[in-house]
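Single-letter residue listing:
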Protein chains: 2
Amino acid sequence: MSWTLTAADLPDLARGATLLGTGGGGDPTIGSLLVRQALGDRSLTILDPDELADDLVVIPTAQMGAPTVMLEKIPAGTEPTLALRTLEAHLGRVAQATMPIECGGINSMIPLLVAAETGLPVVDADGMGRAFPELSMETFAVYGVHGSPLALAGERGETVVIDTGDDDRQMEWLARGVTIRLGGVAHIAEYAMSGAQVRATAVPRTLSMALALGRAIRLARHAKRSPFEAIAQTLSTTLYPHVRELFAGKVTDVQRRTRDGFAKGWAQISPPDGVGQALEVEFQNENLVARLGTDVLAVVPDLICVVDAESAEPITTERLRYGQRVRVLGISTPELMRTPAALAAFGPAAFGLDVPFVPVETRVVGAPAAVG
Amino acid sequence: MSWTLTAADLPDLARGATLLGTGGGGDPTIGSLLVRQALGDRSLTILDPDELADDLVVIPTAQMGAPTVMLEKIPAGTEPTLALRTLEAHLGRVAQATMPIECGGINSMIPLLVAAETGLPVVDADGMGRAFPELSMETFAVYGVHGSPLALAGERGETVVIDTGDDDRQMEWLARGVTIRLGGVAHIAEYAMSGAQVRATAVPRTLSMALALGRAIRLARHAKRSPFEAIAQTLSTTLYPHVRELFAGKVTDVQRRTRDGFAKGWAQISPPDGVGQALEVEFQNENLVARLGTDVLAVVPDLICVVDAESAEPITTERLRYGQRVRVLGISTPELMRTPAALAAFGPAAFGLDVPFVPVETRVVGAPAAVG
């Protein structure tokens, strides 16, 4: 069912989307502020994917870049709509709705910003069901919609249109090069598709799920209940039913470099008492794999979420700091993200990880710790 | 007056254009072969700039990249026409002629290749009057026509359209980034303009001049006359009337790196008897400055041409080798390339050289050696 979203929903949505961003997808603060400013006291229409007209013209919008750079290089706010307009002009078609390409603090917000500026509705779905670092890592692409042509806009009004046919990796490669030359952040419109194609290729209802997650965490805190229980309960009826606590401890080391246009590195999380093995989480914008010694506890595309040990507030990779007390959650991705074709696009091997994919719900050894 | 060009003209044109390429502009071998293959026994129409209709749609075409890479990464041949077609589609206008953006072994040829493939005529003019390493270094831009939108094509059929408004340096910066990601070479269409704008902004008749130069060198060799005299005589009635021999000697050192998408470095040319100061020539794709100790003998935008000491065959920077016996010529650029606005775009400071521009005909100290 379609629904409306107002500025009052933004903090909950940002929190939930950042959790689903699995360490990446951008910091929620900036994203929320941009939408709040553009939206004022108006409301936005969020369209349920099942209710889209088959021939509806949907053009997703997003920010791309390294989250470490996004933190410091605040957009003017006009770039994503400029990217949309540039792609419309190139295609000779006008968008009837926009949509996120991923879940995340920034990229659940950018389509809302575009919607607030243009009056377009937003489709309640996305192409990653979480965040991934590369534009080719989309269920859209896995199930037959390609990203090209892609339009990219910079803060000084620069526009770039990239068309690599059905080669989405080459599209990512070229767009990343342009983004680096624009200072590390750019805004994009890509994967233009029909309403029917949304239904065939997107992960459905991730905006409403993010909002529900963020709200459940907030209400649990307010009622002095466990926000971790609230997360597990909210997800239990979704396409993400399995939540596992992989580890609890203290961040004792973080290595992070902004390289090739990405934030790459790893974090070490040690047991609270300092005794025993530490968890190592490797990331490229997003958390990719969580290892305890040689034992892999979770790996892409399952979600690895580092959150505050008490409040369950999600912590993005660029915000990880020595001394933070955290819990690390593993969350199962939807089955459409675990098919052989999907794993070829964004499974462990796509990140150069020499680890087979094993679902997090079967992987955690011993008695899988239920979250609570 | 307009004229026709056939495959028989290509060796002379390539030789003359490579001389005017002043070390850059690409190796002539590959350029000639591409045109010869596409042209067969047909002929091309070369339009005199004075005879263009004011509203003629002219779209220049070129190759961009580091000459060191161009030597090894042979184009499929379809890329420049793809770039032209992409820009036409973006503009919603159809080209009625193409034109070089610079003189050089490759870039005097690419528009001929496009012409052979499309049937378009080629305008006898260009925007550099020599070769320069960057797309913003155009008399077109100096006199009010901007490069955007630019279309770029890669060998696998990738297309990119870049629009940076009137910021030609940002256009260069982004196009260079894309070119690097395409492997170091790409083909472009840019600086779309009218016939009237060609007359107002281009360096006229550089194709016919290159052909005349190449032919004069060949005929002089054949007649056992000095090809250096032939060069001076041919240029004496053009916009490039001053030719000076800056140095004669042997290449004793070359440093060259392909970096940031350019071939950067310097060559040391020592006196034939090994006694006395060596000439140092610094280059970024093209030769930028020729120094004897602290004495600057010639500097951009004047032409610094390293040629074989006997045959006067031009030697591009990527072909410089230890032991070559060479002469170094300084050739005056046209006055429209020496105005304050022109020097701001491609004078010494534009290359980070802390040297004032002094015309080569006044700069060579002592009795300027006439060439002969």
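Anything mentioned here points back to the structure above.
Each residue is numbered by its place in its chain's sequence as written, counting from 1. By the order in which they are written, chains take letters starting at A while ligands take numbers starting at 1. Predicted model: local features are reported for residues with pLDDT of at least 70 only, side-chain atom pairs are reported and counted for 80 or more only, and whole-chain, interface and lining totals are derived from all residues.

Enquirer: I keep staring at the interface of chain A and chain B and nothing clicks. Help me out?
Expert: Reports often express the size of an interface as the amount of accessible area lost when the parts come together. Remark: residues whose backbone-derived C-beta atoms lie within 7 Å of one another are considered to be in contact. Each side of the interface is counted separately: chain A has 16 residues, and chain B has 16 residues. Looking at the side of chain A that touches chain B, the elements with two or more residues in it are β8 (159-163) and α7 (168-181) of chain A. Each residue gets one of three labels, nonpolar for Ala, Val, Leu, Ile, Met, Phe, Trp, Tyr, Cys and Pro, charged for Asp, Glu, Lys and Arg, and polar for the others, Gly among them. Grouping the amino acids of the side of chain A that touches chain B by side-chain chemistry returns seven nonpolar, six polar and three charged. Strand pairing follows a simple DSSP-based rule, namely that at least 2 bridges must link the two strands. Only DSSP runs of H or I covering at least 4 residues are called helices, and only runs of E covering at least 2 are called strands; the numbering of each starts at the N terminus. In the sheet, β8(A) pairs with strand β8 (residues 159-163) of chain B via five bridges, with the strands oriented antiparallel. Bridging from a neighbouring strand, A:Val161 pairs with B:Val161 of β8(B).

Enquirer: Please explain the sheet that holds strand β2 (residues 43-47) of chain B as it appears in this structure.
Expert: Strands pair in a sheet through their backbones, by hydrogen bonds, and they do so in one of two ways: parallel or antiparallel. Residue and element names in this part refer to chain B. Taking strand neighbours across the sheet as the criterion, the three strands line up as β1-β2-β5 in an open arrangement whose pairing is mixed. The sheet is open, and its two edges are formed by β1 (3-6) and β5 (122-123), each paired on a single side. The pairing of β1 with β2 spans four bridges and is classified as antiparallel. Note on β2: the bridge partner recorded for Thr-6 is Ser-43.

Enquirer: Where do I start with the relation of the copies chain A and chain B in this structure?
Expert: Put simply, the two copies of the chain differ by a rotation about an axis and a shift along that axis. Least-squares fitting of chain A to chain B yields an RMSD of 0.0 Å, with the superposition described by an axial translation of 0.0 Å and a rotation of 180°. The transformation just described matches what one would write down for a two-fold rotation axis. Minimal C-alpha distance to the rotation axis in chain A is attained by A:Val161, lying at 2.5 Å. Taken as a fraction of all interface residues of chain A, those also at the interface in chain B reach 100%, which identifies the copy contact as same-surface. Here the copies are superposed with least squares, the fitted atoms being C-alpha atoms of residues at a pLDDT of at least 70 in both.

Enquirer: Just to check I follow, could you spell out the environment of A:Leu292 for this structure?
Expert: Along the chain, the position of A:Leu292 falls in strand β15 (residues 286-292). Neighbour density around each residue's C-beta defines its exposure: 20 or more other C-beta atoms within 10 Å make it buried, 12 or fewer make it exposed, and counts between make it partly exposed, where C-beta atoms are placed from the backbone. With 17 C-beta atoms packed within 10 Å, A:Leu292 lands in the partly exposed category.

All quantities given are derived from atomic positions and should not be read as evidence of function.
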